[in-house]
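Summary of structural features
The primary structure of each chain is shown beneath.
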Amino acid sequence: MPANPSRGSPFIKMSNTIRELMTLMDRCALGIVLVVDEQRRLEATITDGDVRRAILLGLELDQGVSELLATRKGKARNPVTAPIGTTPEELRRLMTEYGIRQIPLLDVEGRVVDIALESDYLADSTLGLDGFIMAGGFGKRLMPLTEKCPKPMLPVNGKPILEHLVGKLRAAGIQHVSISTHYLAENIIDHFHDGKDFGVNIEYVGEDQPMGTAGALAKVAVGDLPLLVVNGDILTSIDFRAMLDFHREHSADMTVAVQQYEVRIPYGVITTDGVDAVRIVEKPTLRNFVNAGIYLVQPSVCKMVPPDRTFDMPDLIMSLISAQKRVICFPVHEYWLDIGHMEQYERASTDVARGVV
């Protein structure tokens, strides 16, 4: 496609699977895949958000694209398009009006000729987010490596974990990053200073004593922008722009990135009713969504964190739900690794060396 020829064409058929769709979306990196017929006439568009909603609904990856579209009701058949030759001014207007980042451009017979991308038509490439990295933990599970080095500063393929993460935020268009510190804070501050050498503006939020996984939010200076909060021991290729779009689309107060986690039980599981057996399932696989340690919060959420005691993320999430604030989940299908044990730390270096992340 002219929009990004080096990454291949973002075309898929109704007969393809959701797994093939996700592979194509990751490879093209346009945030959209176009469902077309044999003549390349547009039948539907599928966005990054559509895929993540399908995961939350429990669709299997080997189900068809048509089944994903069926979950979207009327939206699937009415994509926003424009004729080839549409002026940049009109494309910008359409993107702003409909809150979209891509518009398929069609010829007179409805065939896709190109895709107009937000990055080509809107001058501001910055992301409307501030970043906050939580890097104050002790890293006890990685002792003795963390005896004289905070876990976020452990080297992965020649660079600290935290530097990989800061680079991801910068590449996404985030310009201001706060970092919470406690254990061996000087190691972090001496490496990053004010952040200018790393392409961002860095401020530090010092914890005099451990405040829990959410406590430092009470001390961070927030403005009008949503805050992207990330654990300082994570490697990921998550699309932060897509996460922000998802957050805005659902008018969320907090968006929690989640990872699907599977546990296979190596036995037949019996369901009982009193003493009676009513069902048996042989070696079932249980699937649940787990917290991925990445959050988007509205500035007002930080005000709900008490400043004078330990407060963890589960406490904050439940406080928001109790207050009838909207907390939503954003499934992560990209690379994600929580470096909590030696096994994950060793894998991190291998994955970075291979270019997986």
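Before going into details, it helps to say that this report is about the structure given with it. (Residues numbered from 1 in each chain as written. Predicted model: local features only at pLDDT ≥ 70, side-chain atom pairs only at ≥ 80, totals over all residues. Heavy atoms only, no water.)

Points about the nonpolar core
How we decide: Joining through side-chain atoms within 4.5 Å is the link that ties buried Ala, Val, Leu, Ile, Met, Phe, Trp, Tyr and Cys residues into a set, and such a set is a nonpolar core. Think of it in three bands: residues with accessible area under 20% of the maximum for their type are buried, residues over 50% are exposed, and the middle band is partly exposed, with areas taken using a 1.4 Å probe on protein chains only.
Counting 48 residues, the largest nonpolar core has Leu228 and Ile294 as the members making the most contacts within it. With 29 residues, the next largest nonpolar core counts Val35, Ile46, Ala54 and Val65 among its residues.

Focus on the sheet that holds strand E17 (residues 285-297)
Put simply, the test is: A strand pair is defined by DSSP finding two or more bridges across the two strands. Helix numbers and strand numbers start at the N terminus; a helix is a DSSP run of H or I with at least 4 residues, a strand a run of E with at least 2. For every element, the axis is a line fit to its C-alpha atoms; helices are fit only across the contacting stretch, and the angle between N-to-C directions ranges from 0 to 180 degrees. Only heavy atoms matter for contacts: two residues are in contact if any of them lie within 4.5 Å across the pair.
If you trace the seven strands from one edge of the open sheet to the other, you get E11-E10-E7-E12-E17-E14-E18, paired in mixed fashion. Strands with a single pairing partner mark the edges of an open sheet, and in this sheet they are strand E11 (201-206) and strand E18 (327-331). Between one strand axis and the next, the sheet turns by 35 degrees as a mean value, whatever way the strands run. Inspection of the sheet shows strand E12 (residues 227-231) paired to E17 by four bridges, in the antiparallel sense. Looking at the pairing, Leu227 lines up with Val297 of E17. Those strands touched by helix H2 (residues 48-57) are E17 and E18, and its axis lies near 105 degrees from that of E18.

Quick notes on the environment of Glu343
Along the chain, Glu343 falls in helix H12 (residues 342-354). Exposure remark for Glu343: the relative accessible area of 63% places this residue in the exposed category. The sequence separation of Glu343 and Leu142 amounts to 201 residues, and the corresponding C-alpha distance is 9.8 Å.

Brief notes about the packing of helix H6 (residues 161-171) against helix H7 (residues 185-192)
When two helices pack together, their arrangement is captured by the angle between the axes and the distance separating the axes. To keep things clear, this is the line we draw: Small angles under 35 degrees read as roughly parallel and large ones over 145 as roughly antiparallel, with 65 to 115 read as roughly perpendicular and the rest as oblique. Should the near helix be turned anticlockwise from the far one by less than a right angle, the crossing is termed left-handed; should it be turned clockwise, right-handed. Classification convention: Asp, Glu, Lys, Arg as charged; Ala, Val, Leu, Ile, Met, Phe, Trp, Tyr, Cys, Pro as nonpolar; all other residues, Gly among them, as polar.
Where H6 contacts H7, the axes come no closer than 11 Å and their chain directions differ by 50 degrees. Relative to H7, the element H6 is oriented oblique. In this structure, H6 meets H7 at a crossing whose hand is right-handed. Mapping the contact onto sequence places Leu162, Glu163 and Val166 in H6 and Ile188, His191 and Phe192 in H7. For the contact of H6 with H7, the per-class residue count stands at four nonpolar, one polar and one charged.

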